[in-house]
Amino acid sequence: MKKISTLDDLKSAGDKGMKSLFPRGVKIVVGMATSGIASGADKVYEALQSAIKKRKLPFTLTKTGSMGMDFIEPLVEVIEKDKPRVAYGKMTADKVPQLIGQIVKGAIDKIKPIYRVDEEDIIAKREKKHYLTGIVPEYLQDIPTMYEVPFYKKQVKIATRNCGIIDPESIEEYIARGGYLSLHKALTAMSAEGIIEDVIKSGLRGRGGGGFPTGTKWQSCRRAHGDIKYVICNGDEGDPGAYMDRSVMEGDPHSVIEGMIIGAYAVGAQEGYIYVRNEYPLAVANLTKAIADARSSCLLGKNILGTSFNFDIKISKGAGAFVCGESTALMASLEGKAGEPRAKYIHTVEHGLWDRPTNLNNVETWANVPVIISRGGKWFSEIGVPHSTGTKVFSLVGKINNIGLVEVPMGIPLKDIVYDIGGGIPGGKKFKAVQTGGPSGGCIPATMMNLSVDFDALWEAGSMMGSGGMIVMDEKTCMVDLARYFIEFLVSESCGKCTPCREGVRRMNDILHDICAGKGKVGDVEMLEAMAIGIKDGSLCALGGSAPNPVLSTIKYFRAEYDAHIKQKRCPAAVCRALIKYEISAKKCTGCTVCAKKCPSACISGVKKKAHKIDQTKCIKCGICMESCKFNAITVK
Amino acid sequence: MKKAKVEAKTKEIVKKHGRDKTSLIAILQDIQEEYNYLPKEALCAVGEQLEIPISRVYEVATFYNSFSLIPRGRYLVEVCAGTACHVQGAFNLMDRLQRDLEIKRGETTPDNMFTLEEVRCLGCCSLAPVVRIDGNIHPYLTQDGIPKILRNYKTGVTK
Amino acid sequence: MVNFIIDGKKIKAEKGTMVLEAARSNGIDIPTLCAHESVSRSGACRLCVVEAKKGKRAKIVTSCLYPVEEGIIIETNNERVMNVRRLVLQLLLARCPESDVIQDLAKQLGVDPQPRFTPDGDKGKCILCRSCIRVCEEVVGVSAIGFSCRGADKAIGTPFSEDSAVCIGCGACAFICPTGHIEMETTEETRKIWGRTFKMKSCAVCGRYFAPEDQLKYISKKTGVPMKELAVCTNCR
């Protein structure tokens, strides 16, 4: 790889990247992030590869990360000189020959695009780049542009600016979109203090959950005594239902690396670590390649960009412990120990990794840094709302139509995310609540849909921003079961160090299990509330300190459901097995016998073509009968 | 498994990591990768090589979820327990797998074919509920779809 | 010197002193189970929590780990503090129903067992305070015992629950254990601990059995004092 030590070097690398982003011929790009591959993008890629080869077409085929539209993956985009970039969703290997045919013909036949992109904002460079020159070709005129698609309309992409656009393995494409220009600016035109000042001005707060002001943290670390300092990127994204950081690490690894180099320069660190969750092999692979490329381009290592600044990054893989998302536990894990947190009365910016000043930020926080440096703190602070500036990436999942990753300005009303971006609830079901903040967060009920999504408003509502998981629930979700689910998660993830978390959360779990099993007692809810206060106050780290949140917020907003379980021994959402009953409607049952054949406990009996019956004493309530009935004859209550 | 062989392999792995004490977790990950579990002989050898008390090695090996001290089956069956999968009924899949494989969560079938585990969110929430078997994601899985998938792995027709 | 207030009393202490020590040396008692002067602290038991007020913010802190600060106001037994302490004790009573130490402490603080918690039967008297592990590592220097697993399954013991080859039978872990969980049986000639039986050495002068042979061998190896000299008990030396 060519060494990059001057602005001209960066420009020529960027030009090379531009040529591959805006090719002369035809380029086909497949979204190959984990979510894409899981839905079959690898097979689509293979099919494209062999079709191109077979027809001897002069097409280029590349991979990219995730655009965030998980609900229509696998996603394939076609870029042709002077024409809009065109996206095709739900691709399969079978559709590939047809798609190739359409491209060759320059027309749309059976495979309809979902959007086109005429021009694109390059946010880190403050410029627009045009795919389309002249007018939109006739066959694409009916296709909405990406910015008209409801899913994208309200999004603002800063942290995920390059995801799904660049080839994550190409440093040139990253540079073409403004990458490493901020680093150049920081190292050659800014002082460390100036950088910190700009980050403070931006109002950027930690995206990992705590929401601590990033610039202030940097400042404390810079001021801390010690010749050796570290920066850490927390990529141990453990909240169930949250995968924003994975997407950035997979789709745009250089943005994290560039952010870390700038941060290291600002705080005076020489070494950095990226701690990645064990379950993210592709993120590790792409980060490894990116680090190697940055190193051989002289953007990492000794004399970065020809200056006297030295800094290098190592990757460390987690080994499966949710608690390692907590900074002191993560540092213990980096030191090769069990991931137990310690009391933070002495801050990690002063005594962190190996007892040295350490600045830790999460993936999304780091990815924001280069844009802040290039566009200025003031620009960033004008996005979002006061005290919660910029954007936040959320993984919008659960009972929602448009499942995927979204990046929205802070302060957006919750309903805009659920209805406009998310497209509402599938199957005509009633929207019930949104869970944010993972196991440390809480539920926001449907009645509070106008809530501004920012750090403080979520906190006041009894939830928290967390790392960005947003799980949508409908009327078929039992809130008591959900609280039990999170508490059970925390029981198995508690490190076991301190009494309130290890013992207290386990006892809360016992009580919640009792309630779900119909063995709840009057007074249990009050008991849970009282325990919650003690556990929150008494726990050593944030895992225990926030563990009761899912219980407290569900009690706060869905107390009636708890009472139904405890007093009437009824689960209103029909989820808790001990309290539900599957029944066959004699009127609707056609006697097709499918359910009887599928029932694993052989508890459905009846004569062919006559209504069947469920033996309640033998029923294990797996629900397979209801899943398999084509006549909606089976109900659960 | 021969003790000497395990020890030699472990030595090689430790050497690759520069005999660095702080690389303990990475070393254990490599050993697990090699044997599909952490053999006791290997853990003892790691302790000796790195000059870390065996009690500390054991502490780390049992603390983290991804390590197993007992041999795992040929195929690791992981039911995603992410929130999105949970609200889509992943618990029913776990129950069905427990019944069909006749083992409990965390156990391995007597023929050493399958080990059944729960995994904390695979981040494929748009495909919920999912089960990962031998690294392959099985999306939108239903209880009904399980027998055929297991049969395919048993007979070698994967994916 | 740092000036601050504990329970309404004006107190001065050296910078770096922990709130627990500052309180105790001024006659204010704070209950603890896991803080022991011979080993480093972990803040695991959470009995020693107090409320620390700085300006408008009041938070619960661990007094054994919280260094005193200028102008801070500490309350050691207000309702908020007692609420945590009560919960911790109730949880420990349910974990270790056989422990008289915990029962006595609960009685002292007027805490009754919580009937909603089903008592455990498998945890013995261990509260996982880690004093034993720390004494074995920091004072004795052999690290024969450690933790296994995490969360509710966390336990103290020898690796693989097998006889430890490095244990010297010194019994420091049993001595330091605040609840008497670690069983040690010493007869004249033998000592049994962690499943291993150690041979005791008798004093070359008085003939009294005074220490496990392995322990003397370990001391000899570490200090260079010949075994011959160590063969005499401290009384006869």
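This one's a predicted model, so the numbers in the text were calculated from it and none came from an experiment.

Could you give me a rundown of helix H3 (residues 100-108) of chain C, with the residues and numbers involved?
All names here are of chain C. The complete set of buried residues in H3 reads Ile102, Leu105 and Ala106. Each buried residue of H3 lies within a common arc of 100° when the element is viewed along its axis, so the set occupies one face. Away from its buried face by more than 90 degrees, H3 exposes Lys107 and Gln108. For H3, the elements touching its buried residues are helix H2 (79-95). The residue sitting at the N-terminus of H3 and contributing the capping side-chain oxygen is Ser99; that oxygen lies 3.4 Å from the backbone nitrogen of Val101. In the stretch just after H3, Gly110 is the one whose phi turns positive, near 70°.

Pulling in residues and values, what's your account of helix H14 (residues 363-375) of chain A?
Residue and element names in this part refer to chain A. Taken across its 13 residues, H14 has 11 buried, putting it largely inside the fold. For H14, the full list of buried residues reads Val363, Glu364, Thr365, Trp366, Ala367, Asn368, Val369, Pro370, Val371, Ile372 and Ile373. Two or three places before Glu364, at the start of H14, stands the capping residue Asn362, its side-chain oxygen 3.2 Å from that residue's backbone nitrogen. Gly376 lies just past H14 and shows a positive phi near 95°.

I'd love a proper account of the packing of H2 of chain C against H3 of chain C, names of residues and values included.
Residue and element names in this part refer to chain C. Between H2 and H3, the shortest axis-to-axis distance is 10 Å and the interhelical angle comes to 150°. As judged from the angle between their axes, H2 and H3 are roughly antiparallel. Read as a crossing pair, H2 and H3 show a hand that is left-handed. On the side of H2, the interface is formed by Leu89, Leu92 and Leu93, while H3 contributes Ile102, Gln103, Leu105 and Ala106. Here the residues of the contact of H2 with H3 are counted per class, giving six nonpolar, one polar and no charged.

Help me get a handle on the packing of aromatic side chains, residues and values and all.
Residue and element names in this part refer to chain A. According to the stated counting rule, one finds 21 aromatic pairs over all chains in the structure shown. Ring centres of Phe71 and Phe151 lie 5.1 Å apart, and the angle between their planes is 65°; on these two criteria the pair is classed as edge-to-face. Taken together, the residues Phe71 in the loop between strand S2 (60-64) and strand S3 (76-80) and Phe151 in helix H5 (residues 150-153) connect sequence positions 80 residues apart. Exposure remark for Phe151: the relative accessible area of 1% places this residue in the buried category.

Which residues make up the interface of chain A and chain B, and what values do they have?
Taken together, the contact pairs 59 residues of chain A with 38 residues of chain B. Summed over both partners, the interface of chain A with chain B comes to about 3600 Å²; 54% of that surface belongs to carbon and sulfur atoms. Connecting chain A to chain B are three salt bridges. The salt bridge involving Arg120 of chain B is made with Glu493 of chain A; its shortest N-O contact spans 3.8 Å. There are 24 residue pairs in polar contact (both at pLDDT 80 or more) connecting chain A and chain B. Among the secondary structure elements, those contributing two or more residues to the side of chain A that touches chain B are helix H2 (34-38), helix H3 (41-54), helix H13 (327-334), strand S14 (391-398), strand S18 (469-474), helix H18 (479-493) and helix H24 (624-628) of chain A. Considering each element in turn, the side of chain A that touches chain B owes the most residues, nine residues, to H18 of chain A. A per-class count over the side of chain A that touches chain B returns 26 nonpolar, 14 polar and 19 charged.

How would you summarise the domain arrangement of chain A if you had to cite specific residues and measurements?
Residues and elements named next belong to chain A. Domains assigned within chain A are domain 1 (20-148), domain 2 (179-380), domain 3 (385-474), domain 4 (479-566) and domain 5 (581-636). Measuring from the centre of the C-alpha atoms in domain 1 to the corresponding centre in domain 2 gives 33 Å. Every contact between the two is made by 12 residues of domain 1 and, on the other side, 11 residues of domain 2. The three residues of domain 1 that bury the most area against domain 2 are Thr34, Ile123 and Ala124, which together make up 48% of that side's buried surface.

Help me get a handle on the side chain of Arg506 of chain A, residues and values and all.
Tracing the sequence through the fold places Arg506 of chain A in helix H19 (residues 499-516). Residue classification places Arg506 of chain A among the buried positions, given a relative accessible area of 11%. In terms of polar contacts, Arg506 of chain A uses its side chain to reach the side chain of Asp120 of chain C, at 2.8 Å. Not counting residues up to four positions away in its chain, the partners in contact with Arg506 of chain A are Val491 and Cys501 of chain A together with Asp120, Lys123 and Ala152 of chain C.

Pulling in residues and values, what's your account of the sheet that holds strand S5 (residues 115-117) of chain A?
Residue and element names in this part refer to chain A. Pairing is mixed in the open sheet, where five strands are placed in the order S2-S1-S3-S4-S5. Two strands in the sheet have a free side with no partner beyond their single neighbour: S2 and S5. Going across the sheet, the axis of each strand differs from the next one's by a mean of 25°, ignoring polarity.

So, unusual backbone geometry: which residues are in play, and what are the values?
Cis rather than trans, the peptide bond between Glu73 of chain A and Pro74 of chain A has omega equal to 0°. Tracing the backbone shows Pro74 of chain A in the loop between S2 and S3. At the junction of Ala128 of chain B and Pro129 of chain B, the peptide bond is cis and its omega measures out at -5° in the coordinates. Considering the arrangement of structural elements, one finds Pro129 of chain B in the loop between strand S2 (114-119) and strand S3 (131-133). A positive phi angle, near 45°, is found at Asp7 of chain C, a position not held by glycine. Take Asp7 of chain C: it is sitting in the loop between strand S1 (2-6) and strand S2 (9-13). Take Asp7 of chain C: its relative accessible area is 33%, and that puts it in the partly exposed class. Positive phi values are uncommon outside glycine, yet Arg130 of chain C reaches one of about 70°.

Which residues make up the pairing of strand S6 (residues 119-122) of chain A, and what values go with them?
Residues Glu120 and Ile122 of chain A line the buried face of S6 of chain A, whereas the alternating positions Glu119 and Asp121 of chain A sit on a face that is not buried. From the end of S6 of chain A to the start of strand S7 (residues 127-130) of chain A, which pair antiparallel, there are four residues, and Arg126 of chain A there has a positive phi angle of about 55°.

Could you give an account of the sheet that holds strand S16 (residues 431-436) of chain A, naming the residues involved and the relevant values?
Residues and elements named next belong to chain A. Here five strands make up an open sheet; going across it, the order is S15-S14-S18-S16-S17 and the pairing mixed. Two strands close off the open sheet at either side, each with one partner strand: strand S15 (404-409) and strand S17 (442-445). Neighbour-to-neighbour, the strand axes of the sheet open up by a mean angle of 30°, direction not taken into account. Sheet strands in contact with helix H10 (residues 244-251) are S14, S15 and S18, and its direction is about 115° off that of S14. Strands S16 and S17 of the sheet are contacted by helix H22 (residues 549-566), whose axis makes an angle of about 35° with S17.

Procedures and definitions
Residues numbered from 1 in each chain as written. Chains lettered and ligands numbered in written order. Predicted model: local features only at pLDDT ≥ 70, side-chain atom pairs only at ≥ 80, totals over all residues. Heavy atoms only, no water. Buried < 20%, exposed > 50% of the residue type's maximum accessible area, 1.4 Å probe, protein only. Helix = DSSP H or I, 4+ residues; strand = E, 2+ residues; numbered from the N terminus. Arc of directions from axis to C-beta. Contact = heavy atoms within 4.5 Å. Polar contact = N/O pair within 3.5 Å; in protein donor to acceptor, adjacent residues only side chain to side chain. Axes fitted to C-alpha atoms, helices over the stretch in contact; angles between N-to-C directions. Parallel < 35°, antiparallel > 145°, perpendicular 65-115°, else oblique. Left-handed = near helix turned anticlockwise from the far one by under 90°. Nonpolar A, V, L, I, M, F, W, Y, C, P; charged D, E, K, R; others polar. Phe/Tyr/Trp six-rings, centres within 6.5 Å; stacked < 30°, edge-to-face > 60°. Buried area = accessible area lost by both parts, 1.4 Å probe. Salt bridge = Lys/Arg side-chain N within 4 Å of Asp/Glu carboxyl O. Domains from an automatic or database assignment. Pairing = 2+ DSSP bridges.

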